[in-house]
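Inside the fold
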Amino acid sequence: PGSCPDLCKCSEPAKTVKCVNRNLTAVPPDLPPYVRNLFLTGNRLARLPPGAFPAQRLPDLSALNLSGNHLRAVEAGALALPALRQLDLSGNPLLSLSPQAFGEGGSPLEELALRGALRDHGVLLSLSTMLQSGALRNLSRLDLADNGLLLLPPGMFTALPALQQLDLSNNSLVGLGNVSFQGLGQLQSLNLSDNSLGVLRNRTLAQFRGLPALQHISLGRNAWVCDCAIEDLVAWLKESNQVESKEALTCAYPDKMLGKALLKISSLDLNCSMPIDLPSQLQTSYVFLGIVLALIGAIFLLVLYLNRKGIKKWMHNIRDACRDHMEGYHYRYEINADPRLTNLSSNSDV
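Residues numbered from 1 in each chain as written. Predicted model: local features only at pLDDT ≥ 70, side-chain atom pairs only at ≥ 80, totals over all residues. Heavy atoms only, no water.

**Thoughts on the overall build of the chain**
How we decide: What counts as a helix is a DSSP run of H or I of at least four residues, what counts as a strand is a run of E of at least two, and both are numbered from the N terminus. Whether a residue is buried, partly exposed or exposed follows from its accessible area with a 1.4 Å probe, protein chains only, as a fraction of its type maximum: under 20%, in between, or over 50%, in that order. Any two residues having at least one pair of non-hydrogen atoms within 4.5 Å are treated as being in contact. Accessible surface is estimated by sampling points in the Shrake-Rupley manner with a 1.4 Å probe; for residues, cover comes only from the protein chains shown.
Secondary structure assignment for the chain yields 7 helices and 15 strands. Every one of the 350 residues in the chain was classed for burial, and the buried ones make up 39%. Sequence-distant contacts in the chain: of pairs separated by 6 or more residues, those separated by 24 or more amount to 59%. For the chain, the exposed area adds up to about 19,800 Å²; of that, 55% sits on carbon and sulfur atoms.

See the structure below:
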């Protein structure tokens, strides 16, 4: 029971087993039961089947590092360990992550690292389903950095009341409009640096204000668009003490604002004396157009009323002229239709 697997290094006093860069294709079946810290990194573990880490044989395993393997699938029940507190799956090209990977009854997991492991969108959705199910309610640290994420699934973090640190850095996030931070009452650190954020809307800023424990927000190296929509963000930056190195935040667009510090932007720089509200502008335009058309119609009716006698006389003249014209056509038709009148007309012409 206390033996050490081949190709691994074990330390019973430190309760640690290291199987690093050994080209292992499966989890060693003879891990010593005293292990608390297990390092299985740099191997070739293609999948973690159910019971890959038997709970009865590994009752004290609390820290598991599986980074840098070739893991593509984590199946249901593969990580159902009663004492697991720390898990690192970084650097694995995951294609399948079962929402029941930690078992049916939830997990005591506190730290989860998935840096560079969520390149597949389906795996991101599976993770979101797992988090929203409440299976990881004890999670205090979540690392989702370096995954190329554009958008996050709605409600992804709503069932993480113990979360204290959230790392979303080095992704490609273009917005946080569908992300809810409500319920994260313990959140202390939020890293949003190295993304593609152009602006933070009022809804997101209001959520930041409503998080009592939030002390550190990283927003560096984002593509801030300094137009009229950024006024709320600038005002929040000036009043907030949560943002780290906020003096270094600069505009990326448009060209005339390139490199200008966000904290030094004024309303004169943006030329936003009037708020831009396209629906209201369209509504006002329609009302104005209706008033103009109604006024033109009223003027037209007034002109007709004032000139009613002249218009009536004009219409009578047109009617008389038309009647005379039609009588001339009728007379010619009768002459052409009667041969006698035709001959008479011809003789008279001669």
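**Regarding the environment of leucine 142**
Summarising the element assignment, leucine 142 is placed in strand 10 (residues 141–143). C-alpha separation for the pair leucine 142 and glutamate 110, spaced 32 residues apart in sequence, amounts to 8.5 Å. Look past the residues within four positions of leucine 142 in its chain and what remains in contact with it is Leu112, Leu131, Phe157, Leu160, Leu163, Gln165, Leu166 and Asp167.

**Comments concerning the sheet that holds strand 7 (residues 86–88)**
Rule in force here: Note: two strands are recorded as paired if DSSP finds a minimum of 2 bridges between them. The axes are straight lines fitted to the C-alpha atoms, using for helices just the contacting stretch, and the angles between their N-to-C directions are given from 0 to 180°.
With respect to topology, 10 strands assemble into an open sheet ordered 1-2-3-5-7-9-10-11-12-13, the strand pairing being mixed. Across the chains shown, the open sheet's two edge strands, defined by having one partner strand only, are strand 1 (9–11) and strand 13 (216–218). For this sheet the average axis-to-axis angle between neighbouring strands, irrespective of direction, equals 5°. The pairing of strand 11 (residues 165–167) with strand 12 (residues 189–191) spans 3 bridges and is classified as parallel. Looking across to strand 12, one finds that glutamine 165 is bridged to serine 189.

**Here's the deal with the packing of aromatic side chains**
Quick note on the threshold: Here a pair means two rings of Phe, Tyr or Trp (six-membered ring of Trp) with centres within 6.5 Å. Their orientation is stacked below 30 degrees between planes, edge-to-face above 60, and tilted elsewhere.
As enumerated under the stated definition, the model contains 3 aromatic pairs in all. Aromatic pair phenylalanine 157 and phenylalanine 181: ring centres 6.5 Å apart, planes at 20°, arrangement stacked. Of this pair, phenylalanine 157 sits in the loop between strand 10 and strand 11 while phenylalanine 181 is found in the loop between strand 11 and strand 12, placing the two residues 24 residues apart along the sequence. Summarising the burial analysis for this pair, phenylalanine 157 and phenylalanine 181 share the class buried. Between phenylalanine 181 and phenylalanine 208, the ring centres sit 5.5 Å apart and the planes meet at 50°, which makes this aromatic pair tilted. Taken together, the residues span a long stretch of sequence, with phenylalanine 181 in the loop between strand 11 and strand 12 and phenylalanine 208 in helix 2 (residues 202–209) at a distance of 27 residues. With respect to burial, phenylalanine 181 and phenylalanine 208 carry one shared label: buried.

**Re the environment of leucine 125**
Topologically, leucine 125 is positioned in helix 1 (residues 121–132). Since its relative accessible area comes to 40%, leucine 125 is described here as partly exposed. Put simply, leucine 125 and leucine 97 are 28 residues apart on the chain and 9.2 Å apart in space, counted from C-alpha to C-alpha.

**Details of the UniProt feature "transmembrane region" (unreviewed entry) in the chain**
Where we set the bar: UniProt positions are given in the numbering used here, feature names are shortened, and annotations may be inferred rather than shown by experiment.
Here, UniProt's "transmembrane region" (unreviewed entry) annotation points to residues 286–306. Strand forms 0% of residues 286–306 and helix 100%; the C-alpha atoms that close the span are 30 Å apart.

**Concerning the state of the cysteines**
Heads up, the condition is: When two cysteine sulfur atoms are found within 2.5 Å, that pair is recorded as a disulfide.
Within the structure shown, the criterion is met by 3 disulfides. Paired through a disulfide, cysteine 8 and cysteine 19 show a sulfur-sulfur distance of 2.0 Å. What sets the handedness of the cysteine 8 and cysteine 19 disulfide is the S-S torsion sign, and at about 110° it is right-handed. Of this pair, cysteine 8 sits in the segment before strand 1 while cysteine 19 is found in the loop between strand 2 (16–18) and strand 3 (37–39), placing the two residues 11 residues apart along the sequence. Classification of cysteine 8 as buried rests on a relative accessible area of 12%.

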